[in-house]
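Here are the chains, one letter per residue:
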Amino acid sequence: MATFFGEIVSVYSRAVEEDDDDDLTQNEEDEEIRREIEEKRSVRVQWMSQTDKRSVSCSHLIIAVGLNATGFTSAYVLSCGGWSAVGWVSLWNERSHSSSRTDTAPAPGQPACVLYQQEHNPSVMMCVCTCYVAEDQLFQWAEEVLGCVQKRALTVTVLSDCVLAEYKASDYLSGNSTPFLRALKTATYTGAVACPLLEQPNIITGLSAAVLSHCQVHQIPAVVYQCYSDVTHPDSVTMETYKAALTGLSAAVKMNLCPTSDILQKFTRASEVQSNLYT
């Protein structure tokens, strides 16, 4: 601002100063909210015993993702006995609330990611994931779960579900050919594969892809067995398809090859009731 005599006078603008202060305060509040959300959505591995908070020695880690995959591990593997729950993965998102507690293990039947350890061979572990893992939590989940086990001599096997509509093929697939398995493995995996490899341009997504990517980067031998099915709810036929995926681990993992109907109904009855339009 200039006076009539040419003198330059500095002018103080309180409006500009107050706007700058408001922007600074708003940025600080936004940053605090962002930190709170990140903390709330963090993924952590919780152990049943305080003495288990360490890097666990593990030779085989089996991860089941999806209703049919988790139903298979529960009906065909865990039902044989000899497994103990040793921990769980605590996380929170818009669709998963029950597994967010860090001091209490999820109750039986609640959606959760539970870690099991074989009693007679503690180096064999299994993670049964029945809860929803959000897209922004996938790689953190893989880092936390695979970070709690020793990578030396470790092999990871992932069982995953996928709807048949996602499968791309040049030939027509008849109903008699489903469900079926396809595999995708890391470069360091040298074991036998129990089914054909996944053809291009098909891809895997979600938690299975995050685990496989983590294993590829850290040079961990890993294989994903993805089951394509035209049934959207758990059924015994689709579950049985996964038996071939664990055939190579028969020496380490005991399977109940013919579970009773009572065992199978525990994992199929709930979805059948929900899909009934008239009940």
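Above this text is the structure in question.
Bear in mind that the values here come from a model prediction, so they are computed numbers and not experimental data.

**Re the sheet that holds strand 3 (residues 83–90)**
Two modes of strand pairing occur in sheets, parallel and antiparallel, and in both the strands are linked by backbone hydrogen bonds. Spatially, 1-3-4-5-2-6-8-7 is the arrangement adopted by the 8 strands of the open sheet, whose pairing is mixed. Each having just a single partner strand, strand 1 (44–47) and strand 7 (180–185) make up the two edges of the open sheet. Each strand of the sheet is rotated relative to its neighbour by a mean of 20°, with strand direction disregarded. Of the strand pairs in this sheet, strand 3 and strand 4 (residues 113–118) are connected by 6 bridges, and their pairing is antiparallel. Residue Ala-85 lies in a different strand from strand 4, and its bridge partner there is Tyr-116. Packed on one face of the sheet, helix 2 (residues 67–77) meets strand 2 (60–65), strand 3, strand 5 (124–129) and strand 6 (155–163) and runs near 125° to strand 6. On the sheet, helix 4 (residues 206–217) packs against strand 2, strand 5, strand 6, strand 7 and strand 8 (222–229) and is oriented at approximately 155° with respect to strand 6.

**So, the environment of Ala-252**
Relative to the elements of secondary structure, Ala-252 occurs in the loop between helix 5 (236–241) and helix 6 (261–274). Setting aside residues up to four positions removed in sequence, Ala-252 forms contacts with His-60, Gln-118 and Val-124.

**Here's the deal with a negative patch on the surface**
Together, Glu-28, Glu-29, Glu-32 and Glu-36 give the surface a local cluster of negative charge. As for its position among the elements, Glu-28 is in helix 1 (residues 14–40). With a relative accessible area of 49%, Glu-28 lands in the partly exposed category.

**Some details on the nonpolar core**
Counting residues in hydrophobic clusters, the biggest one holds 43 residues, and the most contacted among them are Leu-61, Ile-63, Trp-141, Val-156 and Val-211. Among the elements that take part in this core, helix 4 stands out by supplying 6 residues, more than any other. Setting aside residues no more than four positions away along its own chain, Leu-61 makes contact with Met-125, Met-126, Val-145, Leu-146, Leu-154, Thr-155, Val-156 and Thr-157. Counting residues in each nonpolar core, the second largest holds 29 residues, with Phe-72, Tyr-189, Tyr-225 and Cys-227 among its members.

How each quantity is defined
Residues numbered from 1 in each chain as written. Predicted model: local features only at pLDDT ≥ 70, side-chain atom pairs only at ≥ 80, totals over all residues. Heavy atoms only, no water. Pairing = 2+ DSSP bridges. Helix = DSSP H or I, 4+ residues; strand = E, 2+ residues; numbered from the N terminus. Axes fitted to C-alpha atoms, helices over the stretch in contact; angles between N-to-C directions. Contact = heavy atoms within 4.5 Å. Patch = residues over 30% accessible without salt bridge, like charges linked within 9 Å, V, L, I, M, F, W, Y side chains within 5 Å. Areas by Shrake-Rupley, 256 points an atom, 1.4 Å probe, with all protein chains shown as cover. Salt bridge = Lys/Arg side-chain N within 4 Å of Asp/Glu carboxyl O. Lys, Arg positive; Asp, Glu negative; His and termini not counted. Charge placed at Lys NZ, Arg CZ, Asp CG, Glu CD. Buried < 20%, exposed > 50% of the residue type's maximum accessible area, 1.4 Å probe, protein only. Core = buried A, V, L, I, M, F, W, Y, C linked by side-chain atoms within 4.5 Å.

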